[in-house]
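Structure assessment
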Amino acid sequence: MIILPVLLALSPSLTPAVRAHPSDWLRRFTPGSRDDGSWLWSWAWASDGTVSVVDRYPPVTFPARPASFGAELSEPLLGYVIPLSSFTAPCPYDSGNSTTRRYPFDPDPVFGCPELCISGSNQPDPTDKWIALVQRGGCPFVEKARQAQKSGARAVVVGGDRDNPDALLNMFSEKDASDVTIAATYIKYWDYVQLTSMIAVSNTTHSGLKTLSLLISTEYSAWEWYSPIITFIIILLLPSLLTFITLLIHRIRAARAAQRDRAPESVVYSLPWRVWTGSGWEKHEPPFVPAETLTASEQDLERGVDTPNASTSHDVELPPWVEEQLECAICLEMFAKGDRVRVLPCYHLFHIAEIDEWLIHKKKLCPICKADVTQPRRPPTDHHSPEHAAQSEQSSTPSTPTRTPSSVAEPTERTPLLHSPERSADEGLQSAS
C-alpha cells in the first residue's frame with residue numbers, strides 16, 4: 001500500500017510527454033546531455049531531420065542533421081530563411097590596433113563568421129521567426145550559431161562545402177556552448193546550392209529581403225547504424241560473435257556426428273534379452289521392461305521374470321559358444337542367477353543396463369566384435385570354436401611343405417638359436433643319415 005502512493009508521486013517525472021522521443025527518459029537523467037552544450041550525446045545518439053521548402057508544391061525536402069549544441073526542436077520550426085550575406089558585412093576594425101580583433105579568423109558573411117554588422121537599409125525584424133543560412137568553413141560551427149543568434153535568427157542552417165559535397169556531418173562543440181539557445185542543423189552542399197538558388201529567384205520578400213518559407217523538423221533515432229559508438233561496439237564484438245557462432249556450429253556438427261555413432265533407443269530396446277536361471281538361459285522377446293519398474297512380486301530370482309513369451313528354445317540353432325558365455329565383457333563379472341542380459345545381433349551377451357548405456361550413449365558397435373547392432377541379424381557362425389580357429393589359421397597361412405615329426409631332429413647344444421624351419425629340418429635329415 002505504501003508503494004502505490006510513491007509511484008503516483010513519481011509518475012509525472014517518469015512519464016514521457018506525448019510527443020517525446022522514446023529515449024527522452026534516459027536523456028532526462030543523463031547529466032549534461034544538452035543543457036551544458038555537451039557534444040558527446042549527439043555524437044553517440046545520432047539523429048536525423050529534414051529541411052523543407054513549403055513554398056513549393058510539392059514541398060522540396062532536404063535531409064539534415066541537427067547539431068549537438070543549441071536548442072533541441074521538440075516541434076517543427078517554421079520561419080523565413082534569409083542568407084546572412086544578404087544584409088550583413090564584416091564589422092570595421094582598426095587594423096593598427098590588434099586588440100580590436102576578438103577572433104583568430106576573418107569575418108565572412110557567406111560563412112557566417114563573426115563579427116558581422118548590419119549592412120544596408122533592409123534587415124529582418126527581430127520579432128519575426130526567421131532562419132539564417134550560412135555555409136561551412138571559415139570558423140567553427142558554434143561561432144556561426146552565435147553570430148546567427150546575435151543577428152536575431154531563431155535557427156541557423158549550415159550548408160556543406162565543395163570538398164565534402166555528400167557528407168552529412170554532426171556539428172558539435174568541444175568547448176562550452178551553453179550560451180547558444182537557437183537550433184542549428186546541417187545540410188549537404190548540393191542541397192545548400194539548390195536552396196540558395198531558389199532564394200535568389202524567389203518572388204517572396206520579407207523586410208525587403210528575398211526569402212522562402214522553411215520548415216525544420218527533427219526525428220531522433222537512438223539506434224542508427226551510423227552512430228559512432230554503436231558502430232564501435234559492433235566492430236569490437238564482431239570477432240567474439242563470429243567465434244561464438246563458429247563454436248556453436250562446431251558443437252552442433254559434433255553432436256550430430258555423435259548421434260550418428262549411437263544406436264536409436266527403439267533399435268536397442270527391440271533386441272532380445274535373456275535371464276540366467278543358474279543352470280541355463282531363459283529366452284525373452286522384446287520389449288524389455290526396465291528392472292526398476294518391476295515390483296518384488298513380479299520378479300523371482302529362482303525362475304526369472306514371469307512372462308508369457310518365456311521360452312528356452314531358439315528360432316535357429318545356435319553354436320555352442322553362444323550358450324557358453326558366462327561373463328559380461330563390460331563389467332568382467334560372471335552372470336549371476338536372475339541377471340538380465342541383452343543378446344546382440346552378433347550373439348554376444350551383456351548385462352542389459354550396461355550394454356544399453358553403451359549402445360544408446362556411446363557407440364552402436366558390439367564391444368567385442370565391433371558389429372553394428374543396427375544392421376540385420378546375421379546367421380550364427382562357430383567362429384569361437386577351436387576347430388573354426390584352426391581352419392581360419394590354415395586358410396590365412398600360405399601352404400608350406402609339411403614334414404612328419406620323425407623327420408625333424410631334436411634340438412641339441414649345437415643347434416643355432418636363429419634358423420629357418422627348412423634349414424633345421426635338412427640338418428636333421430643329414431645328421432640322421
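Residues numbered from 1 in each chain as written. Predicted model: local features only at pLDDT ≥ 70, side-chain atom pairs only at ≥ 80, totals over all residues. Heavy atoms only, no water.

1. Points about the overall build of the protein chain
From N to C terminus, the protein chain includes 11 helices and 17 strands. Taking all 433 residues of the protein chain together, 34% fall into the buried category. Across the protein chain, contacts joining residues at least 24 apart in sequence account for 68% of those joining residues at least 6 apart. For the protein chain, the accessible area works out to roughly 26,700 Å², and carbon and sulfur atoms hold 58% of it. (Helix = DSSP H or I, 4+ residues; strand = E, 2+ residues; numbered from the N terminus. Buried < 20%, exposed > 50% of the residue type's maximum accessible area, 1.4 Å probe, protein only. Contact = heavy atoms within 4.5 Å. Areas by Shrake-Rupley, 256 points an atom, 1.4 Å probe, with all protein chains shown as cover.)

2. Re a nonpolar patch on the surface
Where nonpolar side chains cluster on the molecular surface, the patch consists of Leu238, Leu241, Leu242, Phe244, Ile245, Leu248, Ile249 and Ile252 and spans about 710 Å² of accessible area. Position of leucine 242 among the secondary structure elements: in helix α6 (residues 228–261). (Patch = residues over 30% accessible without salt bridge, like charges linked within 9 Å, V, L, I, M, F, W, Y side chains within 5 Å. Salt bridge = Lys/Arg side-chain N within 4 Å of Asp/Glu carboxyl O.)

3. Observations regarding unusual backbone geometry
Looking along the chain, the bond that leaves tyrosine 57 and enters proline 58 is cis, with omega of -5°. Topologically, proline 58 is positioned in the loop between β1 (47–53) and β2 (60–66). Positive phi values are uncommon outside glycine, yet serine 207 reaches one of about 60°. Tracing the chain through its elements places serine 207 in the loop between β9 (205–206) and β10 (209–210). One non-glycine residue with positive phi stands out, namely leucine 332, at about 60°. Residue position: leucine 332 is located in the loop between α8 (320–323) and β16 (340–343). Classification of leucine 332 by relative accessible area gives exposed; the value is 59%.

4. Details of the state of the cysteines
The tally for this structure, following the rule as stated, stands at 2 disulfides. Disulfide pairing is shown between cysteine 91 and cysteine 117; the S-S distance is 1.7 Å. The disulfide joining cysteine 91 to cysteine 117 has a torsion of about 110° about its S-S bond and is therefore right-handed. Note that cysteine 91 is positioned in the loop between β4 (88–90) and β5 (116–118) and cysteine 117 in strand β5, a separation of 26 residues in sequence. (Disulfide = S-S within 2.5 Å.)

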